[in-house]
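Report on the structure
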Amino acid sequence: MHVQEWLETVPAVAVYALVGLVIGLESLGIPLPGEIILVSSALLASQHGDIDPVVLGACATAGAIVGDSIGYAIGRKGGRPLLAWLGARFPRHFGEGHIATAERFFQKWGMWAVFFGRFVALLRIFAGPLAGVLRMPYWKFLIANVLGGIVWAGGTTAVIYYVGIVAESWLKRFSWLGLVLAVLIGVTSMLVLKRKARKAVPEPVVAGD
């Protein structure tokens, strides 16, 4: 069963809670498909009036901010031994090359690595813990964390929701052509920040090279 089909079977309050929880855990440092859940839920909100997009966006934003803050606290307390432990348990996500890439990104962009990290899947799970490990001043982390959470979570919810509304309206008038155009507009606007963030991220260093 696809994510959106499964979400249709649960009540709205469960969707809100699930979105906040999954995004919060992902931001904390646990590799979970937060973006997939958020996009699927926003599309569902555009098709069903039971799900309020404002509440959905608020839950997603809260999950992102709180999760990143907890990840920061864990990273600050655990330090580099925590990264080594995570690398041993989850080499696919926390391998030496990935950690080195994220660390260089942080060294180059500072607090804005937390902000831009929201738009890159690899950095999204690193931002909070790594900021804590590197002992970034909390006030800097908090500013970037809140701004990033609002722009990414709230912005993604709004864009996908309105893309769904437009797509449904156009689909009734212009069949598949309206759907294609609406999706292209939404995807293009969503990828603007992602493309900028990816360009700023150097290639991963493979251990042993």
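Residues numbered from 1 in each chain as written. Predicted model: local features only at pLDDT ≥ 70, side-chain atom pairs only at ≥ 80, totals over all residues. Heavy atoms only, no water.

Structural notes on the packing of aromatic side chains
- The full count for this structure, using the stated rule, is 8 aromatic pairs.
- On the basis of an interplanar angle of 55° and a centroid distance of 5.3 Å, the ring pair of Tyr72 and Tyr138 is categorised as tilted. With Tyr72 in helix α4 (residues 53-89) and Tyr138 in helix α10 (residues 138-174), the pair connects residues that are 66 residues apart, well separated along the chain.
- Residues Tyr138 and Phe141 carry aromatic rings whose centres are separated by 5.9 Å and whose planes lie at 35° to one another, so their mutual orientation is tilted. (Phe/Tyr/Trp six-rings, centres within 6.5 Å; stacked < 30°, edge-to-face > 60°. Helix = DSSP H or I, 4+ residues; strand = E, 2+ residues; numbered from the N terminus.)

Here we look at helix α3 (residues 34-47)
- With 14 residues, α3 should cover 20 Å at 1.5 Å per step; its first-to-last C-alpha distance of 20 Å lies within 8% of that length.
- Burial runs high along α3: 10 of the 14 residues are buried.
- Every buried residue belonging to α3 is among Gly34, Glu35, Ile37, Leu38, Ser40, Ser41, Ala42, Leu44, Ala45 and Ser46, and all of these are buried. (Expected span 1.5 Å × (residues − 1). Buried < 20%, exposed > 50% of the residue type's maximum accessible area, 1.4 Å probe, protein only.)

Topic: the side chain of Ser41
- Tracing the backbone through its elements, the reader meets Ser41 in helix α3.
- Assessed through its relative accessible area of 0%, Ser41 is described here as buried.
- In terms of polar contacts, Ser41 uses its side chain to reach the backbone carbonyl oxygen of Ile37, at 2.8 Å. (Polar contact = N/O pair within 3.5 Å; in protein donor to acceptor, adjacent residues only side chain to side chain.)

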